[in-house]
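Inside the fold
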Amino acid sequence: MEVRMPSFSRRSFLHLSAAASAAAAFRVMTEPMLAAAARRQPHAADAVLIDSNENPLGPSQAARDAMAAILPQGGRYSDNLTDDLASAFAQLEGLNPDYVRVTVGSTPPLGLAVLAFTSPQRSYVAADPVFELGGNLASKVGVRVVGVPLTKTYAHDVKAMLAAAPDAGVFYICNPNNPTGTLTPHEDIEYLAANKPKDSIVLVDEAYIHFCDAPSTLDLVKAGKDVVVLRTFSKVYGMAGLRCGLLIARPDLSDKVLDRGGWNFMPITAVAAATASLKDPQLVPERRRINAGVRQRTFDWLDRNSYAYIPSESNCFMLQTNRPGKDVRDAMAKENVLIGRTWPVMPTYVRITVGTGNEMERFQAAFHKVMKASAG
Ligand SMILES: Cc1ncc(COP(=O)(O)O)c(C=O)c1O
């Protein structure tokens, strides 16, 4: 589904970064663009923003300190700092540093992986609903996009994905899934990697992996499989506006992905913040605990008020509205609470990002009001 953007948002978005310009050149709809298209503009400064799966906590203190300390060096490219980040991640995960490439968020490698491994003859296979970026890009460049329903437990149905596309070039697995926040068992991803057609890849998007206990798929990368893992510092690390991500794969696969996009220097603020974040052992467990606590209190409230939702292991979940989700989103915006979009396959659900405790209380009050008003 093509989402139209307000023209002023498009203009300001294009000025954000080189990555955004590249995305625009490829006509990729990125998460901020999709969210902006769904967002009522302009919104009040105190609006609750739970529409884009951002982290309301922002960068950690260590990350902020690292950025402040690196600022005077901003006149230098300092690509050695990027190498340091790749090495720090490789060491943490027991990977060969050659397997780790640093990127401007995970949006560029996602799009580039689609361009590198799909074609009019090699289809793009994903779940439905799922994060739309890869599918939108694939269809724009004439690639067949195969959307496969999630299972009853909202996992990717890997056997159905395999059966649906013997011509696949990319199997996109989002784990935990955006928008449902649900998990796909590791053995299913392993099965997919073992049974996929030759020369295709399994592209595992682990943007939200830190919010849950599920095992990563990095072990399959280490084992030399045709598996490409994407990580981002936008979510648990609270660095969406700073732009840093990782592409982790066998070097021949990474080369094929990145050859398409040319090479670029990283912003050293983002790199310094990312390295400091990785070196802080408390950051992920603490933020996982905070997110899980607020999420559980939100679910308890929804249960007490008999609102239906899909239980999630991530920082977002799908909420049943029993009427067109878009109408509820518009009504919530009038209450100064900006919630996430709907997916065509689930038109009576909206995606809600887990914000702070206070933000979720404001969400609850507004949702109650909107649902009561439309029921009466
Ligand atoms: C599943 C998933 N992948 C990738 C991205 C892209 O994020 P970024 O480019 O900020 O790393 C997002 C953004 O929300 C996402 O939800």
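Residues numbered from 1 in each chain as written. Predicted model: local features only at pLDDT ≥ 70, side-chain atom pairs only at ≥ 80, totals over all residues. Heavy atoms only, no water.

A few words on the packing of helix H13 (residues 283-304) against helix H15 (residues 357-375). Packing of H13 against H15 brings their axes to within 10 Å, and their N-to-C directions diverge by 20°. Relative to H15, the element H13 is oriented roughly parallel. In this structure, H13 meets H15 at a crossing whose hand is right-handed. Between H13 and H15, the residues in contact are Val294, Thr298 and Trp301 and Gly357, Met360, Phe363, Gln364, Phe367 and His368, respectively. Its residues assigned to classes, the contact of H13 with H15 shows five nonpolar, four polar and no charged. (Axes fitted to C-alpha atoms, helices over the stretch in contact; angles between N-to-C directions. Helix = DSSP H or I, 4+ residues; strand = E, 2+ residues; numbered from the N terminus. Parallel < 35°, antiparallel > 145°, perpendicular 65-115°, else oblique. Left-handed = near helix turned anticlockwise from the far one by under 90°. Contact = heavy atoms within 4.5 Å. Nonpolar A, V, L, I, M, F, W, Y, C, P; charged D, E, K, R; others polar.)

The element strand S3 (residues 123-128) is largely enclosed, with a buried count of five among its six residues. Pairing between S3 and strand S5 (residues 168-174): three bridges, direction parallel. Its bridge partner lying in S5, tyrosine 124 is registered against valine 170. Alignment of S3 against strand S4 (residues 145-149), held across five bridges, turns out to be parallel. Directly across from alanine 127, in S4, lies its bridge partner valine 148. This β-α-β element, S3 to helix H7 (residues 133-140) to S4, shows right-handed connectivity. (Buried < 20%, exposed > 50% of the residue type's maximum accessible area, 1.4 Å probe, protein only. Pairing = 2+ DSSP bridges. Right-handed = clockwise from strand over helix to strand, strands pointing away.)

Below, the discussion takes up the site of the ligand. As a structural note, the neighbourhood of the ligand is formed by 15 residues, with Thr107, Asp205, Tyr208, Thr232 and Ser234 the closest of them. Between the ligand and serine 234, the relevant distance is 2.6 Å, taken from an oxygen atom to a side-chain nitrogen or oxygen of the residue. Residue composition of the shell around the ligand, grouped by class: five nonpolar, six polar and four charged. (Near = heavy atom within 4 Å. Polar contact = N/O pair within 3.5 Å; in protein donor to acceptor, adjacent residues only side chain to side chain.)

Working note: a packed helix pair is described by the angle between its axes plus the distance between those axes. Interaxial distance between helix H14 (residues 325-334) and H15 falls to 10 Å at its minimum, and their mutual angle equals 120°. Taken together, the axes of H14 and H15 lie oblique to each other. The element H14 and its partner H15 pack so that their crossing is right-handed. Of the residues in H15, those touching H14 at Val328, Ala331 and Met332 are Phe363, Ala366, Phe367, Val370 and Met371. Partitioning the contact of H14 with H15 into residue classes produces eight nonpolar, no polar and no charged.

Here the focus is the confidence of the model for the protein. In the predicted model, the protein carries a mean pLDDT of 91, and the fraction of residues at 70 or more is 89%. Across residues 1-27 the pLDDT falls below 50, and counting only partners more than four positions away or on other chains, this stretch makes 32 contacts in the model. (pLDDT = per-residue confidence, 0-100.)

What follows concerns the sheet that holds strand S6 (residues 201-205). Pairing within the open sheet is mixed, and its seven strands lie in the order S2-S8-S7-S6-S5-S3-S4. Looking at which strands have only one partner, the edges of the open sheet turn out to be strand S2 (100-103) and S4. Neighbouring strand axes in the sheet, compared pairwise and without regard to direction, differ in orientation by 20° on average. Examined bridge by bridge, S2 and strand S8 (residues 245-248) share four bridges and lie antiparallel to one another. Across the sheet, the residue bridging to valine 100 is isoleucine 248, located in S8. Against the sheet, helix H9 (residues 186-195) touches S5, S6 and strand S7 (227-232), its axis set at about 155° to S6. Packed on one face of the sheet, helix H11 (residues 251-259) meets S2, S6, S7 and S8 and runs near 25° to S2.

Proline 129 follows aspartate 128 through a cis peptide bond whose omega is 15°. Structurally, proline 129 can be placed in the loop between S3 and H7. Omega for the bond connecting asparagine 175 with proline 176 falls within 30 degrees of zero, at -5°, which places this linkage in the cis form. In this structure, asparagine 53 takes a positive phi of about 55° despite not being glycine. Take asparagine 53: it is sitting in the loop between strand S1 (48-50) and helix H4 (61-70). Positive phi, normally seen in glycine, also occurs at serine 78, with a value near 50°. Summarising the element assignment, serine 78 is placed in the loop between H4 and helix H5 (79-93). With a relative accessible area of 12%, serine 78 lands in the buried category.

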